[in-house]
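Structural characterization, general
Listed below, chain by chain, are the residues.
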Amino acid sequence: MEVKQWYMEYKIHKNRPGLLGDIASLLGMLEVNIVTINGVENRTRGMLLQTNDEEKIEILGRMLQKVDNITVLKLREPKLVDILAVRHGRYIERDSDDRKTFRFTRDELGLLVDFLGEVFKRDGNQIIGLRGMPRVGKTESIIAGSVCSNKRWTFVSSTLLRQTVRSQLSEEEMNPNNIFIIDGIVSTVRSNEKHHALLQEIMAMPSTKVIEHPDMFIKESEYDYSAFDYIIELRNTPDEEISYDLFTSGFHEF
């Protein structure tokens, strides 16, 4: 049978000596391997497990229901947020109403880069929106995530390189395996017909596109919110308001 990974998370009610050893022994007797283990926030422990027998995971879940010192919170095939929670010891904040929106602050750039790196490894068409005020680290995080995923990045439009607006790309740059970086304000406010045609071609490609300022991109283009697979918000502080009024006016002055 195929070897698969599972994510188990349990809350500790009484952290008695030897508790982890007992659970590890149970896993060992079932021949379920522990791939990664870490504390996940308050008195909670997460594990990535590996086995080629799904029935063993079902047996494990039933047995752990009888252990008084813990309560199993999750026992499932791992999601991206589970993998990152085990690596970093905490869950990424998500919007309670819109589950495809993830929130980060500047002191969590390492977690954001890891998140982007895992998303970028996926093949096929995906569109990621990245909200944030100027100089918060949006473009730098995208580039670092591309490096983590071992993929090249291509600027289609950007303010990082003196307000770049590309009208054509080389054959190497048009590789669908590349990460395409698009500034949603530059591509809509400052674009010309050639840039718009290039943008249309890139958006139709089976590739990963990261669009900074997605709200402005949606407002000024034919694309809507449903086109996005993820929306990421990056702030300097958790309570910072992301507003476009302060810097969209400057684009009209060039």
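A brief look at the structure comes next. (Residues numbered from 1 in each chain as written. Predicted model: local features only at pLDDT ≥ 70, side-chain atom pairs only at ≥ 80, totals over all residues. Heavy atoms only, no water.)

1. Considerations on the packing of helix 4 (residues 109–120) against helix 5 (residues 138–148)
Packed helix pairs are specified by the crossing angle of their axes together with the interaxial distance, meaning the distance between the axes. Put simply, the test is: Here an angle of 0 to 180 degrees is reported between the N-to-C directions of two axes, which are lines fitted to C-alpha atoms, with helices fitted over the stretch in contact. By the criteria applied, helices consist of DSSP H or I runs no shorter than four residues and strands consist of E runs no shorter than two, each listed in order from the N terminus. Working definition: roughly parallel below 35 degrees, roughly antiparallel above 145 degrees, roughly perpendicular at 65 to 115 degrees, and oblique for all remaining angles. In this scheme the crossing of two helices becomes right-handed for a clockwise turn of the near helix relative to the far one and left-handed for an anticlockwise turn of less than a right angle. Whether two residues are in contact is decided by their heavy atoms: any pair within 4.5 Å suffices. For this scheme, ten residues count as nonpolar: Ala, Val, Leu, Ile, Met, Phe, Trp, Tyr, Cys and Pro. Four count as charged, namely Asp, Glu, Lys and Arg, and the remainder, Gly too, count as polar.
Where helix 4 meets helix 5, the closest approach of the two axes is 7 Å, and the angle between their N-to-C directions is 55°. By the angle between their directions, the pair helix 4 and helix 5 is classed as oblique. For the crossing formed where helix 4 meets helix 5, the hand is right-handed. Here helix 4 contributes Leu 109, Leu 112, Val 113, Leu 116, Gly 117 and Phe 120 to the contact with helix 5, which in turn contributes Ser 141, Ile 142, Ala 144, Gly 145, Ser 146 and Cys 148. Partitioned by chemical class, the residues of the contact of helix 4 with helix 5 number eight nonpolar, four polar and no charged.

2. Some words on the nonpolar core
Heads up, the rule is: Buried Ala, Val, Leu, Ile, Met, Phe, Trp, Tyr and Cys residues form a nonpolar core when they are joined through side-chain atoms within 4.5 Å. Relative accessible area decides the class of each residue, using a 1.4 Å probe on protein chains only: under 20% of the type maximum gives buried, over 50% gives exposed, and in between gives partly exposed.
Among the nonpolar cores identified, the biggest contains 30 residues, and Phe 104, Phe 115, Phe 120 and Ile 232 are the most heavily contacted of them. Broken down by secondary-structure element, the contributors of at least two residues to this core are helix 3 (80–88), strand 6 (101–105), helix 4, strand 7 (126–132), helix 5, strand 11 (179–183) and strand 13 (230–235). Among the elements that take part in this core, helix 4 stands out by supplying six residues, more than any other. Contacts of Phe 115, omitting those with residues within four sequence positions, involve Leu 80, Leu 84, Ile 92, Phe 102, Phe 104, Tyr 230 and Ile 232.

3. Quick look at the pairing of strand 3 (residues 44–51)
Put simply, the rule reads: We treat two strands as partners when DSSP finds at least two bridges between them.
Of all the eight residues making up strand 3, seven are buried; the element is thus mostly covered by neighbouring parts of the structure. Looking at chain direction, strand 1 (residues 4–12) and strand 3 are connected through eight bridges and run antiparallel. Residue Tyr 10 lies in a different strand from strand 3, and its bridge partner there is Arg 45. Note that strand 2 (residues 33–39) and strand 3 share six bridges and pair antiparallel. Its bridge partner being in strand 3, Ile 34 is matched across the sheet by Leu 49.

4. Remarks on the packing of aromatic side chains
Applied cut-off: Within 6.5 Å between ring centres, the rings of Phe, Tyr and Trp (the latter by its six-membered ring) count as paired, and their orientation is classed by plane angle as stacked under 30 degrees, edge-to-face over 60, tilted in between. In our convention, an over-ring charge means Lys NZ or Arg CZ found within 6 Å of a ring centre and within 35 degrees of that ring's normal.
Under the criterion given, the structure shown has five aromatic pairs. Here Phe 115 and Tyr 230 contribute two aromatic rings whose centre-to-centre distance is 5.7 Å and whose plane-to-plane angle is 85°, an arrangement assigned as edge-to-face. Taken together, the positions of Phe 115 in helix 4 and Tyr 230 in strand 13 put the pair 115 residues apart, joining distant regions of the chain. Taken individually, Phe 115 and Tyr 230 each receive the classification buried, so the pair is uniform in this respect. Clustering of aromatic rings is evident, with ring pairs tying together Phe 102, Phe 104, Phe 115 and Tyr 230. Above the plane of the ring of Tyr 225 lies Lys 100, whose end atom (NZ or CZ) is 4.2 Å from the centre.

5. Some words on helix 5
Every buried residue of helix 5 is listed here: Lys 138, Thr 139, Ser 141, Ile 142, Ile 143, Gly 145 and Ser 146. Contacts from the buried residues of helix 5 go to helix 4, strand 7, strand 8 (153–155), strand 11, strand 12 (208–212) and strand 13. Positive backbone phi, at 60°, marks Asn 150, one or two positions downstream of helix 5.

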